[in-house]
Amino acid sequence: MNTQQSNQTFCINCTLPLSGCICTLAPHLALPTCTHILFHPNEIQRRNSSGRLLRNCLNIESTIWHRLKNEILEQKFEGFALLYPIDESAKTPSQPLHFESQRAEHTEAPTGYIWIDATWQESRKMLRQSPWLNKLPKYQVNRLTSKNLPDSQYALRRNQTTEGLCTMETFAYWLDEKNHPKSARDLLNFFNQFQSAFLKARNSGLFK
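All chains use their own residue numbering, which begins from 1 and follows the written sequence. Given that this is a predicted model, residues contribute local features only at a pLDDT of at least 70 and side-chain atom pairs are listed and counted only at 80 or more, while totals for whole chains, interfaces and linings are drawn from all residues. With hydrogens and water stripped out, all remaining heavy atoms of the structure feed into the side-chain values.

1. Details of helix α3 (residues 120-129)
Residue exposure (1.4 Å probe, protein chains only): buried if accessible area is under 20% of the type maximum, exposed if over 50%, otherwise partly exposed. Starting at the N terminus, helices and strands are each numbered in turn, a helix being any DSSP run of H or I of at least four residues and a strand any DSSP run of E of at least two. What α3 keeps buried is the set Trp120, Glu122, Ser123, Met126 and Leu127. Projected down its long axis, α3 shows its buried positions confined to an angular sector of 165°, all on one face. Residues of α3 that are exposed and angled more than 90 degrees away from the buried face: Gln121 and Arg128. The inward-facing, buried residues of α3 contact β3 (35-39), β5 (81-83), β6 (113-117) and α4 (131-134). It is the directions from the helix axis to the C-beta atoms whose arc is reported. The contact definition used throughout considers only heavy atoms, calling two residues in contact when any of these lie within 4.5 Å.

See below:
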């Protein structure tokens, strides 16, 4: 399936021009535990959403967040943990973003994990308008201790924090911590292929 824009045909999955589609290069990975992507409504429409791209590689469930559906979403994600950095606004852009450990009162293993796919500003709005989401235990991914994966290579958006990770990179680090280093590397390799193809298309003026 494809979409058209300015006489250019695009892949509906990877969003790239069909001539540069990389969907056949996507690794097919198995999930080690229950995971879910919670999209901000704006993010699901963006070409460079790494959460959208992640669905090419994994049979991962996803939901679009809405502030008027808090009660439904709270019930759906009861027992889940949230992968999300601590208050980034208190840090300078050059400082690394660490992740908050699970709170002491949550001693049982989570039912599953939620990834928020949004800009930093949008994700803070989601937490502010959805108290149930903000109260979930937060899972820690320590990028700085990994010997298997490189630092963030994210280059698709401007004004990003120096050490910030996009959704797909965070997922790869999580896979590495779950003792799936090959899957993590395969995911990052595919993401870097996408970034190269995306930037080439954008610099060529194919995205309007």
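2. A short note on the nonpolar core
One finds Leu54, Met168, Phe171, Trp174, Leu187 and Phe194 to be the most contacted residues of the largest nonpolar core, which totals 39 residues. Secondary structure elements with two or more residues in this core: β2 (8-11), β3, α1 (50-54), β5, β6, α5 (167-177) and α6 (181-203). For this core, the leading source of residues is α6, giving eight residues. Among all residues touching Leu54, those that are not within four sequence positions of it are Ile37, Ile60, Met168, Phe171 and Leu187. Residues belong to one nonpolar core when they are buried, are Ala, Val, Leu, Ile, Met, Phe, Trp, Tyr or Cys, and are joined through side-chain atoms within 4.5 Å.

3. Let's talk about the confidence of the model for the chain
On a range of 0 to 100, pLDDT expresses the predictor's confidence in each residue. Averaged over all residues, the pLDDT of the chain equals 81, while 75% of them reach at least 70. Taken as a whole, residues 87-104 scores under 50 in pLDDT and shows 45 contacts with residues more than four places along the chain or in a different chain.

4. Considering the pairing of β3
Most of β3 is tucked away, with five of its five residues classed as buried. The alternating pattern of β3 places Thr35, Ile37 and Phe39 and His36 and Leu38 on opposite faces, both of which are buried. Between any two strands, pairing holds if DSSP finds at least two bridges. The sheet contact formed by β3 and β6 spans five bridges and is parallel. Residue Ile37 lies in a different strand from β6, and its bridge partner there is Trp115. When β3 meets strand β4 (residues 61-64), the two strands line up parallel, connected through four bridges. For His36, the partnering residue across the bridge sits in β4 and is Glu61.

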